[in-house]
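The chain contents come next:
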Amino acid sequence: MNHGKIFCVGLGPGDPDMMSVKADRLLRNARHVAYFRKRGHPGKARQLVNGLLHAEVTEYPMEYPLTTEIPHDDPRYIAQLSSFYQDWQSRLTELTRSEDVIVLCEGDPFFYGSFMHLYVRLRQAEQVTVEVLPGIPGMVGCWHATGIPMTWGDDVMSVLPATLPDTPLREHMARSDALVIMKVGRHLGRIRGLLDEQGKLDRAWLVINGTMSDQQVMPLRDAPERCPYFAIIVVHGQGRRPANDM
Ligand SMILES: C[C@@]1(CC(=O)O)C2=NC(=C\c3[nH]c(c(CCC(=O)O)c3CC(=O)O)Cc3[nH]c(c(CC(=O)O)c3CCC(=O)O)/C=C3\N/C(=C\2)[C@@H](CCC(=O)O)[C@]3(C)CC(=O)O)/[C@H]1CCC(=O)O
Ligand SMILES: C[S@@+](CC[C@H](N)C(=O)[O-])C[C@H]1O[C@@H](n2cnc3c(N)ncnc32)[C@H](O)[C@@H]1O
């Protein structure tokens, strides 16, 4: 085993005050900090720790070779992503020969987090100890941003990636009382149409950059044609509660 460790730190939904005390302590002392980002973008996780890192920190931006340029089931996408993860697994392992490394993750690392792809590789190689710190998931920050309770009584809640095709989306939407739809971005129009079809559009909210300084919250009906990748649609449950409740 290498001398240094890898800590993946869940940063929570965006507001820096919503990260754990343990995460804050680790970050302030860190000398090696890695994070994922799209090429040419600052990286959401990195932006969440602005002003918090040590003056002598060394940063390691792990830039995705691609995101939306080719379909994610194309063999070229799979090959490029897999060598990208392999490469960073080796580089981080090398660093931990002598140093600890912190990997930043927006929300919770085990909830659609990129770090999971490194984690399974690191665990298999057994050369370095890895510790993962939980964070409040983005969707929790987003439903709080609407100020409306999410699930009551027997409500069933589904979390749906907007990247799914229409048929499974329709099926899950019909079966669920409360909905969280992730990765909205360029799928906004399609999702709005499907929710309308199911009579759920009037209860749907769009939250862009939830809990961050540039948060936007609006009824989905009033949303513009396009929205960023960092957006979540929330449909609150209406379930069982005592008759006198609102
Ligand atoms: C292909 C696609 C499909 C899909 O999601 O299935 C996909 N990302 C897409 C878009 C996209 N991704 C990003 C941006 C720019 C955001 C910005 O900067 O504005 C955009 C939008 C754009 O390019 O326009 C950056 C990004 N992505 C992830 C993180 C890190 C993190 O959050 O941990 C960050 C950095 C965020 C930051 O901190 O800045 C994480 C993941 N993204 C993955 C896949 C998985 C890993 C890949 C794999 O191994 O396959 C994983 C791990 C999620 C998973 O496994 O679910 C999809 C097309 C969606 C579509 O159809 O529209
Ligand atoms: C790759 S997933 C990462 C999820 C993250 N690990 C978490 O626990 O929320 C990226 C998606 O999370 C959603 N997301 C996460 N945090 C968000 C926030 N604060 N506001 C809006 N959307 C958010 C967006 O739908 C975005 O497309």
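Residues numbered from 1 in each chain as written. Chains lettered and ligands numbered in written order. Predicted model: local features only at pLDDT ≥ 70, side-chain atom pairs only at ≥ 80, totals over all residues. Heavy atoms only, no water.

By the naming in an unreviewed UniProt entry, the chain is Precorrin-2 C(20)-methyltransferase, taken from Comamonas brasiliensis. Quoted verbatim from the Sequence similarities (unreviewed entry) field of UniProt, the annotation for the chain is "Belongs to the precorrin methyltransferase family." Per its UniProt entry, the chain bears the Subunit (unreviewed entry) comment "Homodimer." (UniProt positions renumbered as here; feature names shortened; annotations may be inferred.)

A. Local environment of the sheet that holds strand 4 (residues 101-105). The parallel open sheet is built from 5 strands, whose spatial order is 3-2-4-1-5. Since the sheet does not close on itself, it has two edges, and those belong to strand 3 (58-64) and strand 5 (129-133), each with one partner. Across this sheet, the average inter-strand angle for adjacent strands is 25°, counted without regard to direction. Summarising the sheet, strand 2 (residues 32-38) and strand 4 pair through 2 bridges and their orientation is parallel. Paired with Val33 across the strands is Ile102, a residue of strand 4. (Pairing = 2+ DSSP bridges. Helix = DSSP H or I, 4+ residues; strand = E, 2+ residues; numbered from the N terminus. Axes fitted to C-alpha atoms, helices over the stretch in contact; angles between N-to-C directions.)

B. Focus on the nonpolar core. If you look at the biggest cluster of nonpolar residues, it comprises 25 residues, and the most contacted ones within it are Ile6, Met62, Phe84, Leu92, Val103, Phe115 and Leu118. Every element with two or more residues in this core is listed here: strand 1 (5-10), strand 2, strand 3, helix 3 (75-95), strand 4 and helix 4 (115-125). Looking at this core element by element, the count peaks at 7 residues for helix 3. Setting aside its immediate chain neighbours within four residues, Met62 contacts Ala34, Tyr35, Phe36, Arg37, Phe84, Trp88, Leu92, Val103 and Leu118. (Core = buried A, V, L, I, M, F, W, Y, C linked by side-chain atoms within 4.5 Å. Buried < 20%, exposed > 50% of the residue type's maximum accessible area, 1.4 Å probe, protein only. Contact = heavy atoms within 4.5 Å.)

C. Molecular detail of the site of ligand 2. Taken together, 19 residues surround ligand 2, and among them Pro13, Glu106, Lys183, Tyr229 and Ala231 come closest. In this structure, Gly138 approaches ligand 2 through a main-chain N or O atom, which is 2.8 Å from an oxygen atom. The backbone of Gly210 places a nitrogen or oxygen atom 2.9 Å from a nitrogen atom of ligand 2. In the complex, the protein chains occlude 95% of the 560 Å² of accessible area that ligand 2 would expose alone. Breaking the shell around ligand 2 down by element, the ones donating at least two residues are helix 5 (138-146) and strand 10 (231-235). (Near = heavy atom within 4 Å. Polar contact = N/O pair within 3.5 Å; in protein donor to acceptor, adjacent residues only side chain to side chain. Areas by Shrake-Rupley, 256 points an atom, 1.4 Å probe, with all protein chains shown as cover.)

D. Region of interest: the packing of helix 6 (residues 166-175) against helix 7 (residues 188-197). Between helix 6 and helix 7, the least distance of the axes is 10 Å, while the angle of their chain directions is 40°. On the basis of their axis angle, the class for helix 6 and helix 7 is oblique. When you trace helix 6 past helix 7, the crossing you get is right-handed. Taking contact as the criterion, the partners of Asp166, Leu169, Arg170 and Met173 in helix 6 are, on helix 7, Arg190, Ile191, Leu194, Leu195 and Glu197. (Parallel < 35°, antiparallel > 145°, perpendicular 65-115°, else oblique. Left-handed = near helix turned anticlockwise from the far one by under 90°.)

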